[in-house]
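Summary of the model geometry
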Amino acid sequence: MKKLVILGAGAGGTMVATKMREKLDPKEWQISVIDRDWKHHYQAGWLFVPFGIYTLDDCEKPKADFLHGVDFVQDTIQNVDPENKVVTCSGGKYEYDWCVVATGCRIVPGEVEGMMDDWRGDIHDFYTPDGAEALFKKWKYMKEGRVVLNIAEMPIKCPVAPLEFVYLADWFFTVNGVRDNIEIELVTPLTGAFTKPVAAEILNKVCEEKNIKITPNFNIDNVNVGKKVIEDVMGEEVPYDLLVAIPPNFGAQCLIDSGITDPMGYMDTDKHTLKSTQFENMYIIGDATNCPTSKAGSVAHYEADIVVDNLLREIDGEEPRPEYDGHSTCFIVSGYEKAYLIDFNYDVEPLPGKYPFPGLGPFALLGENHQNYWGKMMFKWAYFNLMLKGHELPLEPQMFMAGKMRHMAGK
C-alpha cells in the first residue's frame, strides 16, 4: 500500500486530503493527515471576535467533520526527514511515498524585544483565538485613549487583516459613542496601507476619511512597556494606551527544527508548480510556502487544485504543470456592513472593476458596498459547508486569470 501523508489539517491540508481521497483508489493508497489539534479553526473569523460580531464557537468545528475516508492522526509533529521520507511524531513514525506540507504559520511575539513584558495586559493580538477573545474583553468598555495597531514585519497571515481591523475599530468605537475620544493609528513597515500602488491609493484615502493615522516605514525594534511606546530601528517612538500587535509570523517550529526551511520557517517552493525545490516527492501549500503571494484562505483554495493535479500527474509518471499564478481574492471589511474586494495574482495588481457573482453580485473590485460585506460574511458558511468538503466555491480561479482581470478592469 502506498502512502500519502499530509502535515496539517488547516484549510490547505483538509482540501488536499478531501480531493485526493476522491482521486486515489483506497485499496492502493493510504492517506494520513497529521495535526495536533482536533478543532478546525476558521481563522478569518478571529478578526470579528474582538468586535463582538463572532464568538470563537462560530469559528470552530471538529476536524473529523471534514476528514472522511482518511486516517486523521491527532499527534504532534517533531521531525520531518525528506531524505528518508519519514515523519516523526510524539506518538510514532510515519513513512510516506508522497508528502504535502500544510503546517501554516504562527505569530512569535517573543521575537520583538519587550513585547512579552505586558502580553495580554496592554498589548494584545487577534491572530490567535485566545488573543481575539481577550481583546474583546479588554476594550469593550474603552472610553478614551490611543489604540495603535503595529505590523512588526512582512510576510504576515492575511495582509489585509490589519486594515480591516482599524476600519472595524473606527466603526466599533463610533457605535459605542466614544470615537471622538479615541485615536486609531496604523503603524506599518510598508510605505502605506497596501503594497500595490492602485489599491494603496484608494485604501489610504479610506484611512484619511475615517481619521485613522498611518505611520509608514516603521520597522519596530522594541516595545518599552514602562514608557508605553514602540520604538523603531531609527529611534522613532509611537506612544500607545492599547497596542494591538501583529508580531513576526514564522512557519512551524517542527519544520525549523528539522532543518528544512529558511530562517523564518518557510519552505522553498516552486511558485508555479507548488512543489518543493529541495526535496523529492513533496508539495507545499498555503502559509507554509515562501511563494510571493498572500498567506490567506483563498490562496490555499486556489493552490489546492494545483497541488492535487500535480500530485496525480507525478503519480502517473508525468511532469507537474506550472499552473499556479499567485491568485488571491480578499474582501476588506470597512465597517457599517460594507466592504471592498480585491483580486490579484503574481503579475496583475488589484484593479477597479466588477466581479460577477450569481444572485448577490456583481461585487465591486476596489469599491465599497454592502454586497461585498455580505459576500464576506457568507464565505464562512461556504468555507465550512463547501470548501473544506472538496466542493468548488463560486470564487473560481478560472474567472480571474490575468487576461480576464485586465479585460474587466475599469468596466
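Residues numbered from 1 in each chain as written. Predicted model: local features only at pLDDT ≥ 70, side-chain atom pairs only at ≥ 80, totals over all residues. Heavy atoms only, no water.

1. Quick word on the layout of surface pockets
In plain terms, the rule: A cavity here means a set of 1 Å grid points, computed over protein atoms only, where a 1.4 Å probe fits but cannot escape. A pocket is an open set with protein on both sides within 12 Å along at least 5 of 7 lines, and lining residues have an atom within 4 Å of a point. Grid points are joined across faces, edges and corners, and a volume is the space filled by probe spheres set on the points. Under the scheme applied, nonpolar residues are Ala, Val, Leu, Ile, Met, Phe, Trp, Tyr, Cys and Pro; charged residues are Asp, Glu, Lys and Arg; polar residues are all the others, including Gly.
What the second largest pocket holds in volume is close to 470 Å³. Around the second largest pocket, the lining is made up of 28 residues, and of these Met154, Pro159, Thr195, Thr293 and Ser294 lie nearest the centre. Residues of the lining of the second largest pocket, tallied by class, amount to 17 nonpolar, 9 polar and 2 charged.

2. What to know about the sheet that holds strand E15 (residues 220–224)
Basically, it comes down to this: A strand pair is defined by DSSP finding two or more bridges across the two strands. Helical segments are the DSSP runs of H or I of at least four residues, strand segments are the runs of E of at least two, and each set is numbered from the N terminus. For helices, the fitted axis covers only the stretch in contact; all axes are lines through C-alpha atoms, and the angles between them, taken along N-to-C directions, range from 0 to 180 degrees.
Judged by pairing direction, the sheet is antiparallel, and its 3 strands sit side by side in the order E15-E16-E17 without closing on themselves. Lying at the two open borders of the sheet, with one neighbouring strand each, are E15 and strand E17 (237–239). This sheet shows a mean twist of 20° between the axes of neighbouring strands, independent of strand direction. Summarising the sheet, strand E16 (residues 229–232) and E17 pair through 3 bridges and their orientation is antiparallel. Each bridged residue has a counterpart across the sheet, and for Ile230 the counterpart in E17 is Val238.

3. Let's talk about the pairing of strand E9 (residues 98–101)
We apply this condition: The buried label applies to any residue whose accessible area, calculated with a 1.4 Å probe on protein chains only, is under 20% of its type's maximum; exposed applies above 50%, and partly exposed to all values in between.
Going residue by residue along E9, you find Trp98 and Val100 tucked away on one face and Cys99 and Val101 tucked away on the opposite face as well. When strand E1 (residues 2–7) meets E9, the two strands line up parallel, connected through 4 bridges. What sits directly across from Leu7, in E9, is Val101. Bridge count for E9 against strand E20 (residues 282–284) is 3 bridges, and the pairing is parallel. Its bridge partner being in E20, Cys99 is matched across the sheet by Met282.

4. A short note on the state of the cysteines
Basically, it comes down to this: Pairs of cysteine sulfur atoms within 2.5 Å are what we label disulfides.
Counted by the stated rule, this structure contains 0 disulfides. Of all cysteine sulfurs, the one in Cys158 lies closest to Cys105, which takes part in no disulfide; the gap is 11 Å. Judged by relative accessible area, which is 9%, Cys105 ranks as buried. Unpaired in terms of disulfides, Cys158 finds its nearest cysteine sulfur in Cys330, a separation of 5.8 Å.

5. Structural notes on the pattern of salt bridges
Convention followed: Any Lys or Arg side-chain nitrogen located within 4 Å of an Asp or Glu carboxyl oxygen qualifies as a salt bridge.
Scanning the model with the defined rule gives 16 salt bridges in all. Between Glu201 and Lys205 there is a salt bridge; the shortest N-O distance is 3.8 Å. Taken together, the residues span about one helical turn, with Glu201 and Lys205 both in helix H4 (residues 197–209) at a distance of 4 residues. A relative accessible area of 44% means that Lys205 is categorised as partly exposed. Notably, a salt bridge pairs Lys227 with Glu237, separated by 2.9 Å at the nearest N-O pair. With a gap of 10 residues between them, Lys227 in the loop between E15 and E16 and Glu237 in strand E17 connect regions that are remote in the sequence.

6. Structural notes on the domain arrangement of the chain
One frequent convention defines the size of an interface as the accessible area lost when the parts assemble. Put simply, the rule reads: The start and end points of each domain follow an automatic or database-based domain assignment. Residues are treated as being in contact if the distance between any of their heavy atoms lies within 4.5 Å. Put simply, buried area is the surface a 1.4 Å probe can reach on two separate parts but cannot reach once they are joined, added for both. Any pair of nitrogen or oxygen atoms within 3.5 Å is treated as a polar contact; in protein, a donor-acceptor pairing is required on top of that, and neighbouring residues in sequence qualify only through side-chain atoms on both sides.
On domain assignment, one finds that the chain holds domain 1 (2–106 + 250–316), domain 2 (108–248) and domain 3 (328–389). Between the C-alpha centres of domain 1 and domain 3 the distance comes to 25 Å. Between domain 1 and domain 3, the contact holds 27 residues from the first and 15 residues from the second. Roughly 1900 Å² of surface becomes buried between domain 1 and domain 3 when both sides are summed, with 68% attributable to carbon and sulfur atoms. It is Tyr42, Phe48 and Phe66 in domain 1 that bury the most area against domain 3; as a group they hold 27% of the surface buried on that side. Remark: the boundary between domain 1 and domain 3 carries 0 salt bridges. Linking domain 1 with domain 3 are 6 residue pairs in polar contact (both at pLDDT 80 or more). Contributing elements (two or more residues each) for the side of domain 1 that touches domain 3: helix H1 (11–23), strand E3 (39–41), strand E4 (60–62) and helix H6 (297–315). Among the elements that make up the side of domain 1 that touches domain 3, the one with the highest residue count is H6 (5 residues). Looking at side-chain class alone, the side of domain 1 that touches domain 3 contains 12 nonpolar, 10 polar and 5 charged residues.

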